[in-house]
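Chain by chain, the residues:
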Amino acid sequence: MNNYKTMKTERSCVQKLLFIIQEIADNWRIMVRVAWFDYKIRNKDSYLGRLWEILTPLLQIGTYWFVFGIGLRNGRDVDGYPYLLWMLSGIIPWFCISSSITKGAGSVFAKAAVITKLRYPIATVPIGAVLTEGFEFIFTLLILETVFIGYGYLPHWGYLNLIYYILYMFLFLSGLALVTSVFTMVARDFQKLMASLIRLLFYLTPILWDMSQMPDIYQKIVSVSPIYYIVKGFRESMLYHVPFYVHRKQMLAEWAILIILFITGCYLQEKFRNRFRDLL
């Protein structure tokens, strides 16, 4: 009897997972259109408009380079590469990661007016928020490549690895957004907690500093992080010419984390979707 109940519960979990996946697959065109619309209306009321998409990351990059590259490192290279290029290859994906985590966590609450009035495919909202940040990510990639070319580093075959890492980044952030958007709906304080954790992760993750000087135990812990996996992947693709499939064990571990995260997100989305309107 207990075995029967367990099998029934397992089947219901699978059905919940398939329901959310089906909802995303059936409404992906709507998700892309809404994400593009949200992207287009950004900064529309400001005088500089789209120019802010370039100015904002440039100001941040200039600040970090001056403080860490000039102030703390005295302009020293990292592994024979200019610090600015080494920093940029890690901080550009971080911009997308941090903004996607923040916007993804508050995505369902931000669409409250639409969700409460229309039969909207709620599961597409968190992924759409990540996709919106992805459109802006294209501009920052152009900034990155412009600086690389300015230093005499032309595109090479290693750039093909970026396709893999960008795909992994989008899927990981989508799965994370599915989870965190539910947590934010249940407890509003969770979004503030996420903002604090992101600031902490920025300095704990080797984005502005070289991890080789840290203790071995710290390196082992950080190396498991999907965020560091993405940052390291961008650096290895653009600077070190290392193919993504070289780290096979780590790749399997990171994809296992992604799959578990995505399954958890789909389960939570289906479990709480009927309560979202009450929570709003």
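Described in the following lines is the structure provided in the data block. Computed from a prediction, not measured in an experiment: that's the story for all the values here.

Observations concerning a nonpolar patch on the surface
Together, W65, F66, V67, I70 and L72 make up an exposed nonpolar region whose accessible area comes to about 480 Å². Along the chain, the position of W65 falls in helix α3 (residues 52-72). Residue classification places W65 among the partly exposed positions, given a relative accessible area of 32%.

Some details on the pattern of salt bridges
Considering all chains together, one arrives at two salt bridges under this definition. The closest approach of N and O atoms between D38 and K111, which form a salt bridge, is 3.0 Å. Here D38, found in helix α2 (residues 28-40), pairs with K111, found in the loop between α5 (107-110) and α6 (112-117); they are 73 residues apart in sequence, far enough to count as distant. A salt bridge links E133 to K103; its shortest N-O distance comes to 3.6 Å. With E133 in helix α7 (residues 124-150) and K103 in helix α4 (residues 83-105), the pair connects residues that are 30 residues apart, well separated along the chain. In this structure K103 comes out as partly exposed when scored by relative accessible area, which is 41%.

Considerations on the packing of helix α8 (residues 161-186) against helix α9 (residues 189-204)
Direction vectors running N to C along α8 and α9 enclose 130 degrees, while the axes themselves pass 6 Å from each other. Compared by their axis directions, α8 and α9 come out oblique. Facing T180, F183 and T184 of α8, the residues of α9 in contact are F190, Q191 and M194. Grouping the amino acids of the contact of α8 with α9 by side-chain chemistry returns three nonpolar, three polar and no charged.

Parameters at a glance
- Residues numbered from 1 in each chain as written.
- Predicted model: local features only at pLDDT ≥ 70, side-chain atom pairs only at ≥ 80, totals over all residues.
- Heavy atoms only, no water.
- Patch = residues over 30% accessible without salt bridge, like charges linked within 9 Å, V, L, I, M, F, W, Y side chains within 5 Å.
- Areas by Shrake-Rupley, 256 points an atom, 1.4 Å probe, with all protein chains shown as cover.
- Salt bridge = Lys/Arg side-chain N within 4 Å of Asp/Glu carboxyl O.
- Helix = DSSP H or I, 4+ residues; strand = E, 2+ residues; numbered from the N terminus.
- Buried < 20%, exposed > 50% of the residue type's maximum accessible area, 1.4 Å probe, protein only.
- Axes fitted to C-alpha atoms, helices over the stretch in contact; angles between N-to-C directions.
- Parallel < 35°, antiparallel > 145°, perpendicular 65-115°, else oblique.
- Contact = heavy atoms within 4.5 Å.
- Nonpolar A, V, L, I, M, F, W, Y, C, P; charged D, E, K, R; others polar.

Taken by themselves, the reported measurements are silent on function.
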